[in-house]
Amino acid sequence: MKILSLLLSSIRRQKKNAASVLSISFIFILFFAGRGITEAHLAVPFLRGGYSSYSVPAARPMGMGAQPVGKLYGLTSLKRTLTNISDKIKRTKPIEADGSQHLDEVLRAFQNVLNGNDIDTAQLLKACRAHLKLMKSGGASLRLVAKDLESNLLKAETPFMKAPKQGKTLYSLLESERHSGIHEEGNLLANESAAMGLLWIRRSLAFQLDLFESSLVSEKGKDPGVAAIDAYEKNLLPYHGWMLQKVFPLSLSAMPKRNAFISALGGSEEPVSFAHEEEIVKKLSTLLKMWRPIIKRWRHDFESLNLEDVRPA
């Protein structure tokens, strides 16, 4: 038992090292083989949290008709056993693995969007691109939202990439495009313009802000399906034509329940633990606090340049 205690102590010190995991597993095999246990059930630590069990036959004690450990576990057998353990570690996903990497990327990206009272265009587009990945991981209910975001993001990125210095801030990008004469009189935006793309991205983020805030941030909030319709009617319905007014709400009918929605935004297809759920909600709450001043300034820039096109799409 003293040997076993030393082995467990070694695991605790070195469990983050993949090579150590395999080495310790090898020691366990030999230890249990020598002790005469007919089956050793190894608990192999994951590199990113959680444990995986692995059963391996052990030798009978010496002197009872058993083969020497060295013969029973020749180099080929040992290599095959350790390879199986290694493959299982790679294939198996820990239950509490950090699947919220997309959400973390969005948080980091939006931190740098506001520069004083100006919106940094490059950082805004980068943040929206990161947010697109998050939306795509949100399941079927956000599929149309993600598709719409991607289309409008391309509209905004193309003109900016042609003249990034002229569009360093959101205001300067919109002003430069406006002076080019691309838009019609009376704040009628050209369909393939950066202004048109950014106008709809802002409306989409405002929709998502209301949706997340009213259904996910608070445990006593609205059902996500109800919250989605309310957020749609407030932020998007006034600017949708007859066709979109029929199609968009229909796509929101597949909105999952709160726990499943939070898990999806956290990068998991399965329900997460209560502690993990709280962590995801905390990140979402932080993201919404970042969005509010950005969306406010975003709208201000459009209105000050008379670019708030309210025609139904």
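In short, a report on the structure. Remember, predicted model here, so these are calculated numbers, not experimental data. (Residues numbered from 1 in each chain as written. Predicted model: local features only at pLDDT ≥ 70, side-chain atom pairs only at ≥ 80, totals over all residues. Heavy atoms only, no water.)

Section: the overall build of the chain
Helices and strands together make up the secondary structure of the chain, namely 13 helices and four strands. Classification of the 313 residues of the chain by burial places 44% in the buried group. In the chain, the proportion of contacts linking residues at least 24 apart, taken out of those at least 6 apart, comes to 66%. Carbon together with sulfur atoms contributes 56% to the accessible area of the chain, which is approximately 17100 Å² in total. (Helix = DSSP H or I, 4+ residues; strand = E, 2+ residues; numbered from the N terminus. Buried < 20%, exposed > 50% of the residue type's maximum accessible area, 1.4 Å probe, protein only. Contact = heavy atoms within 4.5 Å. Areas by Shrake-Rupley, 256 points an atom, 1.4 Å probe, with all protein chains shown as cover.)

Brief notes about the nonpolar core
One finds Phe110, Leu198 and Trp298 to be the most contacted residues of the largest nonpolar core, which totals 66 residues. Looking at which element gives the most residues to this core, the answer is helix H9 (residues 194-215), with 13 residues. Other than its neighbours up to four places away in sequence, Phe110 contacts Leu124, Ala127, Cys128, His131, Leu205, Leu287, Met290, Trp291 and Ile294. (Core = buried A, V, L, I, M, F, W, Y, C linked by side-chain atoms within 4.5 Å.)

Here's the deal with the pattern of salt bridges
The tally for this structure, following the rule as stated, stands at 14 salt bridges. Of the charged contacts in the structure, one is a salt bridge between Arg129 and Glu157, with a shortest N-O distance of 2.6 Å. With Arg129 in helix H6 (residues 121-136) and Glu157 in helix H7 (residues 143-162), the pair connects residues that are 28 residues apart, well separated along the chain. Residue classification places Arg129 among the partly exposed residues on the basis of a relative accessible area of 27%. Residues Glu150 and Lys136 are paired through a salt bridge, measuring 3.5 Å at the closest nitrogen-oxygen approach. Here Glu150 is found in helix H7, whereas its partner Lys136 is found in helix H6, with 14 residues between them in sequence. Residues participating in the shared-partner salt-bridge network are Arg202, Arg299, Glu303 and Glu308. (Salt bridge = Lys/Arg side-chain N within 4 Å of Asp/Glu carboxyl O.)

With respect to a nonpolar patch on the surface
Together, Trp242, Met243 and Val247 make up an exposed nonpolar region whose accessible area comes to about 350 Å². The exposure class assigned to Met243 is exposed, which follows from its relative accessible area of 53%. (Patch = residues over 30% accessible without salt bridge, like charges linked within 9 Å, V, L, I, M, F, W, Y side chains within 5 Å.)

Observations concerning the side chain of Glu157
For Glu157, a relative accessible area of 17% gives the class buried. Glu157 has contacts with Leu125 and Arg129, leaving out every residue within four places of it along the chain.

Remarks on the environment of Glu192
Residue placement: Glu192 occurs in the loop between helix H8 (170-179) and H9. Distance from Glu192 to Thr158, taken between C-alpha atoms, is 9.4 Å for residues 34 residues apart in sequence. There is a polar contact of 3.0 Å between the side chain of Glu192 and the side chain of Asn191. (Polar contact = N/O pair within 3.5 Å; in protein donor to acceptor, adjacent residues only side chain to side chain.)

Quick look at the packing of H9 against helix H10 (residues 224-235)
It is the contact of H9 with H10, at a shortest axis distance of 8 Å, that shows an interaxial angle of 145°. Considering only the axes of H9 and H10, their crossing is right-handed. Residues Arg203, Ala206, Phe207, Asp210, Leu211, Ser214 and Ser215 of H9 touch H10, and the partners they reach there are Pro224, Ala227, Ala228, Ala231, Tyr232, Lys234 and Asn235. Partitioning the contact of H9 with H10 into residue classes produces eight nonpolar, three polar and three charged. (Axes fitted to C-alpha atoms, helices over the stretch in contact; angles between N-to-C directions. Left-handed = near helix turned anticlockwise from the far one by under 90°. Nonpolar A, V, L, I, M, F, W, Y, C, P; charged D, E, K, R; others polar.)

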